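Residues per chain, in single letters:
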Amino acid sequence: MKPQVFKQVIKMANGPDITIETGALAKQAHGSVVITCGKAMLLGTVVSSYKSTGLDFLPLTVDYREKFAAAGKYPGGFFKREARPNDGEVLTMRLVDRVLRPLFPKDYHSEVQVMIQLMSHDPEVMPDAMAGLAASAAIQLSDLPFECPISEVRVARVDGEFVINPSYAQLEVADLEMMIGASADSVMMVEGEMEEISEEEMIAAIKAAHEAIKEQCAAQVALAEQVGKKEVREYEGEKEDADIEAKVAELAYQKVYDVAKKGSAKHERSAAFSEIKEEIKATFSEEDQEENGDLISKYFNKTHKKAVRDVLLNEGIRLDGRKTTDIRDIWCEVDYLPSTHGSAIFSRGETQALATVTLGTSRDANVIDMASQEGEERFYLHYNFPPFSTGEARPLRGTSRREIGHGNLAQRALKKMLPADLPYTVRVVSEVLESNGSSSMATVCAGTMALMDAGLPMKKPVSGIAMGLITDGSNYAVLSDILGDEDHLGDMDFKVTGTEDGITACQMDIKVKGLSYEILTNALMQARDGRMHILGKLTDTIPAPAADVKPHAPKMESMEIEGKYIGAVIGPGGKIIQEMQKETDTVINIEEVDDMGVIEIAGTDRTKIEAALERIRNIIFEPEVGSVYEVKVVKMLDFGAVVEFKPGKETLLHVSEFDYKRIEDPSTVLKVGDVLDVKYMGVDPRTKKQKVSRKECMPKPEGWVERPPRKRDDSRGRGRDDRRGGGRRDDRRRDDRPRRDNDSDSKSEE
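Residues numbered from 1 in each chain as written. Predicted model: local features only at pLDDT ≥ 70, side-chain atom pairs only at ≥ 80, totals over all residues. Heavy atoms only, no water.

Looking at the sheet that holds strand β20 (residues 492–499)
Selection criterion: Strands are labelled as partners when DSSP assigns at least two bridges between them. We count a stretch as a helix when DSSP gives it H or I for four or more residues in a row; a strand needs E for two or more, and each element gets its number in order from the N terminus. Working convention: axes come from line fits to C-alpha atoms, limited for helices to the stretch in contact. Angles between N-to-C directions cover 0 to 180 degrees. Residues are treated as being in contact if the distance between any of their heavy atoms lies within 4.5 Å.
Spatially, β8-β7-β9-β10-β21-β20-β18-β19 is the arrangement adopted by the 8 strands of the open sheet, whose pairing is antiparallel. A strand with exactly one partner marks an edge of an open sheet, and here the two such strands are β8 (161–164) and β19 (476–480). Mean inter-strand twist for the sheet, computed between neighbouring axes without regard to direction, equals 20°. In this structure, strand β7 (residues 150–158) lies alongside strand β9 (residues 176–183), joined through 7 bridges in antiparallel fashion. Following the sheet pairing, Glu 152 is matched in β9 by Gly 181. This element, helix α4 (residues 199–227), spans β7, β8, β9, β10 (187–197) and β21 (502–510) of the sheet and lies at about 45° to β9.

Right, dumping it as structure tokens:
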């Protein structure tokens, strides 16, 4: 018997409605839902341990997977099984995690695992936009301590109108695309890319998305009430001691305040704070330190955070002595690495990124192979964050989720500024060499200069800045170019990239409830001033893209041919194209697109590229009837000469077409190597071979009369056919002629 199923329907202005249901699947999970939109179905589950881990943070894991069976496809690779998550899945996990994490109690340290699976795919529905809804709805049906329901939607602007959760087709023509995460009363997360929009337009998009999220949050509350809201579980919270907290605050607050107000470098400042902490610990007995050492550290960190925030709000002074709008010192350099196709260094304060550019062909495109999406990226960016960049030593365990997320943000910031018809595949790699505040924005700046150094025709240079916000409810301070410590201590951090004409990408994490749109707008406008300052430093270093790619970088040419010629260019078993690549030292790619062959030729020597192009032109060359061509004699025959239009394109010039007068010996007129003009007469209907004429390019003799076409003798034709065909053989089998009996008798007598 099927269990009872509870449902709630969310009406959508565009596209199919969204249904949330529970009760049928995954009943042993602490909370589970199925989200349906069209044919798309997501299963969301949550489970949390009833025991605390003893850690001082929330061990939350968000896992999002797209099962290939959902789209009726097989996984790629040798094992034909889903393995580690791909970049697209990792990015979705990060988006959901960033909204969920702040809503768990700060003292809840039990392990939490949220799993979201795409079980059925609809080509018209983008499933990642519903992952946040699936996660939150599952939590609402559980007994986990969680502040309030949230949801996430994708907002796009198509033809000037905002569309919530657009289809893939709509997204292709949108000039703005953002993922927004929010509760019913507060926006918490923003991430997206745009085509140089204004700050006001970005705020309008956030507002439109938030209205849709409010409806989805209400549906979750209604579903929980329909099912029966569970009692929130009891859990073991953190140990507290008011006396220790008061003592630490009294001893540490002013000392930390004074160090923060003084303004100092990172290592000097860290050493001073550590010294204060040790002084505080020394005021406790060894027994107290052993028993409550974790509490002393916890309360010191709490006091440290409050003191630094107060300095910012009361004094307007930051940890390194800057004012709230100041940008750290910047220096830049391009063409730093001699062997790369493009390179640049961007240093801002204690943050430094070295970016490189590599140019390739379509073979080097980044393949996207997901259940919900297939395709190729011709521009992609990789971000590496080694431990030495922060003065640490730690194991290297592959690319982290953070590296994937930061690289994706920088990629989205830059990709719209490259021409759509760029013939290259472009890979940018950012090596973060130092980090103390937004290495992802340093990556954007270094990437811009490296692309320009590589000679790529960027539409406009892009700069980026990381901003912070601190508020106590009545006062607030917006911080430009935040430090790592300010990121940790603030109430909002956001990154904005753009050109002089508008925003190209953004990422926001808002940690306070009810932040007004007025404050958000002011913060974005201050970010614009910072971006323009940084952009000026970039253009001072490299005002415009290099005139051409570097001598050792591949040059690229492309051409289109009719699809019927693709086989001729490739040759049997790839023989022709392989020979061309070897002889011209180029890389040649052919792709069939809409019955046309799109050919890419890449090489470092333009002369050799042109030679490859010429060979392809020769292969596909076909003369036009009535046109005159210059040909070369390559062979003499008794009845004419073999002439060559292009290398490999030969035909017979019959002796009768040499001249208007009769030529007995062709060698008396032409010899091998002679160059002459001939007129292409088309294909001879009788011989089915191409026919060319030399005499048609010559003036006709005076009084010349065209000889009428020779009439065909049908009777002679039949006679020849009879002799060549089966007539005589038929006669042998059956002779109807009169018999010569006398002759036969005489022969027999003999």
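Moving on from the model shown.
Details of the packing of helix α2 (residues 131–140) against α4
The line we're drawing: Comment on the angle field: the value is read as roughly parallel under 35 degrees, roughly antiparallel over 145, roughly perpendicular from 65 to 115, and oblique elsewhere. Crossing chirality is assigned from the near helix's rotation relative to the far helix, an anticlockwise turn below a right angle marking it left-handed and a clockwise turn marking it right-handed. Asp, Glu, Lys and Arg are counted as charged, while Ala, Val, Leu, Ile, Met, Phe, Trp, Tyr, Cys and Pro are counted as nonpolar; the rest, among them Gly, fall into the polar class.
Two elements in contact, α2 and α4, have axes separated by 9 Å at closest approach and are oriented at 30°. Considered as vectors, α2 and α4 are oriented roughly parallel to each other. Both α2 and α4 take part in a crossing whose hand is right-handed. The segment α2 lies against α4, with Leu 133, Ser 136, Ala 137 and Gln 140 engaging Gln 216, Gln 220 and Ala 224. Across the contact of α2 with α4, the residue classes break down as 3 nonpolar, 4 polar and no charged.

Digging into the nonpolar core
Nonpolar side chains in soluble globular proteins tend to end up buried together. Using the following cut-off: Working definition of a nonpolar core: buried Ala, Val, Leu, Ile, Met, Phe, Trp, Tyr and Cys residues. They are joined through side-chain atoms within 4.5 Å. Exposed residues in this analysis have more than 50% of their type's maximum accessible area, buried residues have under 20%, and partly exposed residues fall in between, with area computed by a 1.4 Å probe over protein chains only.
Of all hydrophobic cores here, the largest spans 138 residues; its most connected members are Leu 100, Met 178 and Met 202. If sequence neighbours within four positions are ignored, Met 202 has contacts with Met 178, Val 190, Met 194, Ile 197, Ile 503, Cys 506, Met 508 and Leu 524. With 22 residues, the next largest nonpolar core counts Ala 252, Ile 280, Ala 307 and Val 308 among its residues.

Examining the pattern of salt bridges
Keep this limit in mind: Every case where a carboxyl oxygen of Asp or Glu lies within 4 Å of a side-chain nitrogen of Lys or Arg is listed as a salt bridge.
For the structure shown, the criterion picks out 51 salt bridges. In this structure, Glu 610 engages Arg 617 in a salt bridge whose closest nitrogen and oxygen atoms are separated by 2.9 Å. Taking the relative accessible area as the measure of exposure, Arg 617 reaches 34% and is therefore partly exposed.

Some points on a nonpolar patch on the surface
Where we set the bar: Grouping into patches uses exposed residues only, defined as over 30% relative accessible area, and leaves out salt-bridged ones; the cut-off is 9 Å for like charges and 5 Å for nonpolar side chains (Val, Leu, Ile, Met, Phe, Trp, Tyr). Calculation of accessible area relied on Shrake-Rupley with a 1.4 Å probe; when residues are assessed, cover is drawn exclusively from the protein chains displayed.
A contiguous nonpolar patch, built from Leu 25, Met 41 and Met 119 and spanning about 220 Å² of accessible area, is present on the exposed surface. The residue Met 41 is located in strand β4 (residues 40–52) in this model.

Description of the confidence of the model for the protein
Any residue range with low pLDDT should be treated as having predicted coordinates unsuitable for detailed reading. Selection criterion: Predictor confidence is given residue by residue as pLDDT, running from a minimum of 0 to a maximum of 100.
Scored by pLDDT, the protein has a mean of 90; 94% of the residues are at 70 or more. Every residue in residues 717–750 scores below 50 in pLDDT, and together they form 2 contacts with partners more than four places removed in sequence or on other chains.

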